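Overview (structure and organization)
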Amino acid sequence: MHFFDFHSHLDWYEQDCSDNFLYDGIFSQLERFSGTIISASCSENSFYENLKICEKSKALGIFYNQNGLPKIIPTFGIHPKDILNGSDNLQDYDRLCEQSKIIGEIGMDFCWYKEADCNQQEKVLRYFLEHCHNHEKYCVIHTKDAEKQICDILTDYPNAKPIIHWYNGPENVYKEFIKRGYLQTFGCETIRSNHIQSLLLQTPRDLILAETDNPDAEPWLGGTNNSIYLIEEIYQNIAKILNMNFENCAEMINKNSKRVLVESGFYCFNKMK
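These remarks concern the structure in this document. (Residues numbered from 1 in each chain as written. Predicted model: local features only at pLDDT ≥ 70, side-chain atom pairs only at ≥ 80, totals over all residues. Heavy atoms only, no water.)

Right, let's get into the sheet that holds strand 2 (residues 35-39). The sheet built from 3 strands is open, its strands ordered 1-2-3 with parallel pairing. In this open sheet, the two strands that pair with only one neighbour each are strand 1 (3-8) and strand 3 (72-74). Taking each pair of neighbouring strands and ignoring which way they run, the sheet shows an average axis angle of 15°. Examined bridge by bridge, strand 1 and strand 2 share 4 bridges and lie parallel to one another. Residue pairing across strands places D5 opposite I37, the latter belonging to strand 2. Contacting strand 2 and strand 3, helix 2 (residues 44-59) crosses the sheet at an angle of about 155° to strand 3. (Pairing = 2+ DSSP bridges. Helix = DSSP H or I, 4+ residues; strand = E, 2+ residues; numbered from the N terminus. Axes fitted to C-alpha atoms, helices over the stretch in contact; angles between N-to-C directions. Contact = heavy atoms within 4.5 Å.)

Structure representation (structure tokens):
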């Protein structure tokens, strides 16, 4: 079965010190993986590392699944945690934005990353949203403790296509996101949080995507499995919460994922059944 992990960080896996291009265990996992990972970048260097992983997997002959679909789709973005380390001239990122068919991870965070003040965070977010608005692109957005502000900002960019990553904020803002038709990713906290389960149950089924936020999220929540295969467990958890047959749930998530990728220009996914 094909699985779509719509938010992961392959460049965060530990490097093998013998080769800067090798990541501990990641390529042996990719060799056996049946699915597609949208690997978010948090900075310019992060994007380059994700591109290196793609190139290395191509050299190893493990970049494509048996059906010819890519296992990795790297995306460019600047995470709130890396805003202070980036360029002061945001136009420096124009080339990378053009290179990335989906933008992410971007957003604002007033909980964990307060070093960058809200004005700096908003400036960077608006830069990316302007690009997505102009090019009608999907963008994966981090919203921690900035949910209302981001909700208000997004009204200025109606052609951007937000995907809200791991939402666990106020229900009233979530309902507005759903009203606007924003896709939502659900991951490893979903099975642990009554609040997120309630949000999932309120979510139209054509707006549901799955994610792992590998490799840190599951260990951060007390789990031990940070392999790329965790995505199958996430699918199972979503099916359980929605009281759906697993195969039907997987088909739903895959249909939504495929729609995003095809609309983003990855036409190879048209041949997926």
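From this point, things continue past the structure.
Our next topic: empty space enclosed by the protein. Scanning the model with the defined rule gives 1 cavity of 30 Å³ or more in all. Estimated volume of the largest cavity: approximately 60 Å³. Along the walls of the largest cavity sit W166, Y167, Y174, Q184, T185, F186, G187, C188, E189, T190 and I196, which together make up its complete lining. The leading source of residues in the lining of the largest cavity is strand 7 (residues 183-186), at 3 residues. Here the lining of the largest cavity is built from residues that sort into 6 nonpolar, 4 polar and 1 charged. (1 Å grid on protein atoms, 1.4 Å probe; cavity = no way out; pocket = protein on both sides within 12 Å on 5 of 7 lines; lining within 4 Å. Points joined across faces, edges and corners; volume = space filled by probe spheres on them. Nonpolar A, V, L, I, M, F, W, Y, C, P; charged D, E, K, R; others polar.)

Among the nonpolar cores identified, the biggest contains 89 residues, and L30, F128, L129, Y235, I238, L261 and F269 are the most heavily contacted of them. Aside from chain neighbours lying at most four places away, what touches L261 is F4, F6, I38, I73, I102, F266 and F269. (Core = buried A, V, L, I, M, F, W, Y, C linked by side-chain atoms within 4.5 Å. Buried < 20%, exposed > 50% of the residue type's maximum accessible area, 1.4 Å probe, protein only.)

Let's shift gears to the sheet that holds strand 5 (residues 138-142). By way of backbone hydrogen bonds, the strands of a sheet pair with one another, either parallel or antiparallel. Spatial ordering of the open sheet is given by 4-5-6-7-8, a layout of 5 strands whose pairing is parallel. With partners counted over all chains shown, the strands left at the sheet margins are strand 4 (103-107) and strand 8 (208-210), one partner each. Between one strand and the next, the sheet's axes are offset by a mean angle of 35°, whatever the strand orientation. As judged from the 3 bridges shared by strand 4 and strand 5, these two strands associate in the parallel manner. By the bridge assignment, G107 is partnered in strand 5 with H142. Sheet strands in contact with helix 4 (residues 118-135) are strand 4 and strand 5, and its direction is about 150° off that of strand 4.

Right, let's talk about helix 2 for a bit. In this model, helix 2 (16 residues) spans 23 Å end to end at C-alpha, consistent with the 22 Å of a helix rising 1.5 Å per residue. All buried positions along helix 2 are accounted for by S46, F47, E49, N50, I53, C54 and S57. Axial view of helix 2: buried residues confined to an arc of 160°, hence all on one face. Turned more than 90 degrees away from the buried face of helix 2 sit N45 and A59, all of them exposed. Buried-residue contacts for helix 2 involve helix 1 (26-32), strand 2, strand 3 and helix 3 (94-99). Of the residues trailing helix 2, G61 is marked for its positive phi of about 75°. (Expected span 1.5 Å × (residues − 1). Arc of directions from axis to C-beta.)

In an α-helix there are 3.6 residues to a turn, and that puts residues three or four apart on one side. When we look at burial in helix 7 (residues 194-202), the residues that qualify are I196, Q197, L199 and L200. Buried residues of helix 7 fall within an arc of 160° about the axis and therefore sit on the same side. Of the exposed residues in helix 7, the ones pointing more than 90 degrees away from its buried face are N194 and L201. Looking at the packing, one finds that the buried side of helix 7 touches helix 6 (171-180), strand 7, strand 8 and helix 9 (230-242).

A separate point is the environment of K137. As for its placement among the helices and strands, K137 is situated in the loop between helix 4 and strand 5. Owing to a relative accessible area of 10%, K137 belongs among the buried residues under this scheme. Excluding anything up to four places from it in sequence, K137 contacts C97, E98, S100, K101, I103, H131, C132, N159, A160 and K161. Within the local environment of K137, its side chain forms a polar contact with the backbone oxygen of S100, the two atoms lying 2.5 Å apart. (Polar contact = N/O pair within 3.5 Å; in protein donor to acceptor, adjacent residues only side chain to side chain.)

Attention now moves to the layout of surface pockets. Of the pockets and cavities examined, the largest pocket occupies roughly 500 Å³. Around the largest pocket, the lining comprises 20 residues; the ones closest to its centre are W112, H142, W166, D213 and W220. Of the residues assigned to the lining of the largest pocket, the class counts are 7 nonpolar, 6 polar and 7 charged. Around the second largest pocket sit 18 residues that line it, and F63, I72, I73, P74 and F266 are the ones nearest its centre. Going through the elements one at a time, helix 2 and strand 3 are the ones with two or more residues in the lining of the second largest pocket. The element best represented in the lining of the second largest pocket is helix 2, accounting for 5 residues. Its residues assigned to classes, the lining of the second largest pocket comprises 11 nonpolar, 4 polar and 3 charged.

In short, shape yes, function no, at least from these values alone.
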